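So the chains spell out like this:
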Amino acid sequence: MQNSSSQQGSSSNSAQKLEVTVAGDEGSSRLDRVLAARLPELSRSRLKSLILAGQVMVKTAPIRDPAYHVTAGDTIIIDVPEVAPAEPRAEDIALNIVYEDDDIIVIDKPRGLVVHPAAGHESGTLVNALIAHCGASLSGIGGVRRPGIVHRLDKDTTGLMVVAKNDRAHASLSAQFADHGRTGAMQRGYLAFVWGVPNRQRGTVDAPIDRHPHAREKMAVREGGREAVTHWEITETFNGRDGKPVASLLACRLETGRTHQIRVHLAHIGHPVMGDLVYGGHFKTKASHLGQKSRAALAALGRQALHAYLLALEHPKTGELLHWEAPLPEDLLLLERCLEAAL
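Computed from a predicted model, the values in this text were never measured in an experiment.

Visitor: I'm lost on the overall build of the protein in this one. Help?
Guide: Looking only at helices and strands, the protein has 7 helices and 16 strands in total. A burial count over the protein gives 46% of its 343 residues as buried. Taking the contacts inside the protein whose residues are at least 6 apart along the sequence as the reference set, 66% of them involve residues at least 24 apart. Roughly 16,600 Å² of accessible area belongs to the protein as shown, and the carbon and sulfur atoms make up 48% of that amount.

Visitor: Sorry if this is basic, but what is going on with the side chain of aspartate 331 here?
Guide: Mapped onto the elements, aspartate 331 comes out in helix H7 (residues 330–340). Leaving out residues up to four positions away in the same chain, aspartate 331 has contacts with Arg111, Leu301 and Arg303.

Visitor: In this structure, what is going on with the pairing of strand S7 (residues 104–109)? I would like to understand it.
Guide: On any regular strand, side chains alternate: one points to one face of the sheet, the next to the other face. Of all 6 residues making up S7, 6 are buried, and the element is well covered by its neighbours. Neither face of S7 is exposed, since Ile104, Val106 and Asp108 on one face and Ile105, Ile107 and Lys109 on the opposite face are all buried. Pairing analysis gives 3 bridges linking strand S6 (residues 97–100) to S7, with the strands arranged antiparallel. For isoleucine 97, the partnering residue across the bridge sits in S7 and is isoleucine 107. What sits between S6 and S7 in their antiparallel hairpin is a turn of 3 residues. Sheet topology note: the S7/strand S8 (residues 158–164) ladder contains 6 bridges and is antiparallel. Residue pairing in the sheet places lysine 109 in a bridge with glycine 159 of S8.

Visitor: What is the right way to look at the packing of aromatic side chains in this model?
Guide: The description of an aromatic ring pair uses the distance of the two centres, along with the angle that the planes make with each other. If you walk through the whole model with that rule in mind, you get 2 aromatic pairs. Taking the centre distance of 5.5 Å and the plane angle of 50 degrees together, the rings of tyrosine 99 and tryptophan 324 count as tilted. Separated by 225 residues along the polypeptide, tyrosine 99 in strand S6 and tryptophan 324 in strand S16 (residues 321–325) bring together distant segments of the chain. A relative accessible area of 25% means that tyrosine 99 is categorised as partly exposed. Since its relative accessible area comes to 8%, tryptophan 324 is described here as buried.

Visitor: Any chance you could explain the environment of leucine 310 here in plain terms?
Guide: One can find leucine 310 in strand S15 (residues 306–314). Residues leucine 310 and histidine 323, 13 residues apart in the sequence, show an inter-C-alpha distance of 7.6 Å.

Visitor: Where do I start with the side chain of serine 248 in this structure?
Guide: By secondary structure assignment, the location of serine 248 is in strand S14 (residues 245–254). Here glycine 196 takes part through its backbone oxygen, which lies 2.7 Å from a polar atom of the side chain of serine 248.

Visitor: Teacher, can you tell me more about the environment of glutamate 320 here?
Guide: Along the chain, glutamate 320 falls in the loop between S15 and S16. Residues glutamate 320 and alanine 185, spaced 135 residues apart in sequence, show a C-alpha to C-alpha distance of 10.0 Å. Here glutamate 320 is in contact with Leu313, Glu314 and His315, once residues within four sequence places are set aside.

Visitor: Would you mind going over the confidence of the model for the protein with me for this structure?
Guide: Low-pLDDT stretches of the model should not have their predicted coordinates read in fine detail. Looking at the protein, the pLDDT average stands at 87 and 89% of residues meet or exceed 70. This model gives residues 5–12 a pLDDT under 50, and the stretch forms 9 contacts once residues within four places in sequence are excluded.

Visitor: Can you walk me through empty space enclosed by the protein in this structure?
Guide: Unfilled space is identified by rolling a water-sized probe across the atoms. As enumerated under the stated definition, the model contains 1 cavity of 30 Å³ or more in all. As a volume, the largest cavity reaches approximately 40 Å³. What lines the largest cavity is simply His151, Leu153, Leu160, Arg188, Gly189, Tyr190, Ala308, Leu310 and Leu311. Elements with a contribution of two residues or more to the lining of the largest cavity: strand S9 (187–195) and S15. Grouping the constituent residues of the lining of the largest cavity by class yields 6 nonpolar, 2 polar and 1 charged.

Parameters at a glance
Residues numbered from 1 in each chain as written. Predicted model: local features only at pLDDT ≥ 70, side-chain atom pairs only at ≥ 80, totals over all residues. Heavy atoms only, no water. Helix = DSSP H or I, 4+ residues; strand = E, 2+ residues; numbered from the N terminus. Buried < 20%, exposed > 50% of the residue type's maximum accessible area, 1.4 Å probe, protein only. Contact = heavy atoms within 4.5 Å. Areas by Shrake-Rupley, 256 points an atom, 1.4 Å probe, with all protein chains shown as cover. Pairing = 2+ DSSP bridges. Phe/Tyr/Trp six-rings, centres within 6.5 Å; stacked < 30°, edge-to-face > 60°. Polar contact = N/O pair within 3.5 Å; in protein donor to acceptor, adjacent residues only side chain to side chain. pLDDT = per-residue confidence, 0-100. 1 Å grid on protein atoms, 1.4 Å probe; cavity = no way out; pocket = protein on both sides within 12 Å on 5 of 7 lines; lining within 4 Å. Points joined across faces, edges and corners; volume = space filled by probe spheres on them. Nonpolar A, V, L, I, M, F, W, Y, C, P; charged D, E, K, R; others polar.

If you want it as C-alpha cells, here you go:
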C-alpha cells in the first residue's frame, strides 16, 4: 500500500497531485471507497466532486464514476486544485435583464452560463454576475454558493430565470416553484426542437426520474424515482430534404422541476431534443435527412436546442401576476428558419 504526493505551495489550500497504488486486498473495490480510506484528509464529498470533475485518473485515463471498480496494482492520480474561496466573488459579467425591482430580478440566460459555482465552475457563473450587480441585497437563504437562486437552467439551455433579492422573496418564489402552478399562477414554458414528430398533437409524460443507474452524471426514467410530469404540444413540424417529416418544435410546460426533466422525458418518448448528445446522441445520424444549411445550423449550435421562453409568477410582495416571454436566441432562430425552408 503506497501513497505519495507532490504539492505546489506550502498552504494546505494549495494545489496538490496525489498518487495512490491499489493494494491487493482493495482489488474490485469502488474507487470512491478506496480513496476515502486512503486519503482521510479529503472529505467524501470532496473526493466525489473531484471524480465527477475528471480530476481522478486510473491507468492515465480520467474516471468520472465514483462507483468504478479498481484493480489491484492500479495507480490512481488525483489532481486536487487549490481550494476556491468559500464565498463567490463579484465578477463583471453582462446580464440580459428582463425585469428588476427591489424584490426580484429576471434574466434571459445565455448559452454557456453556469448558474452557480460547482466543481469545475468556480467562477464565471450567474451567481458571480449577480453578486456584482446586486451586491449584498441578494437573498441568503440559498447559502453562500447559491444566493438568491430558486431554480436552475442547464449550462447550455437559454431563457428566463428569476432570482430572489431578499429572503421574503426567496421564500415566496420557492413555494411557487414547489407548487409548479398546480394551485397557483406559476408557469414555466420551454420550446424544444426535437427529432421526429409525435403521433398526436399534444400529450403528457408522467414518468419518475432519478439518477441513471450506471452513468451518475445523467438522469433517467426509473421506477421509484421522484415524480416528474411534462406537458407538451406540437407547434411546428419540419420536413427533411426528402419531403418527409424529420423534426418538430414542441412547447413544453413543467408540472414538476427535476434535473434535465424535459430532456429525459422527450428522449423517453422517442423524440430527444436536437443537439442533445447526452440523451439523444444515438439520433445524431438523423442529421443526414436534413438539408445542407439545416445540418450546418445544427452543427454550429453545439448544444441542446432548448429554450425557456415563458415564465409567469405572482410577485412575492404585491401578489401581482407577472408574465414574461423571451424570443428564441439567434442560434435557435437560425435553426428554425433553415428547418422551415427545408434548406
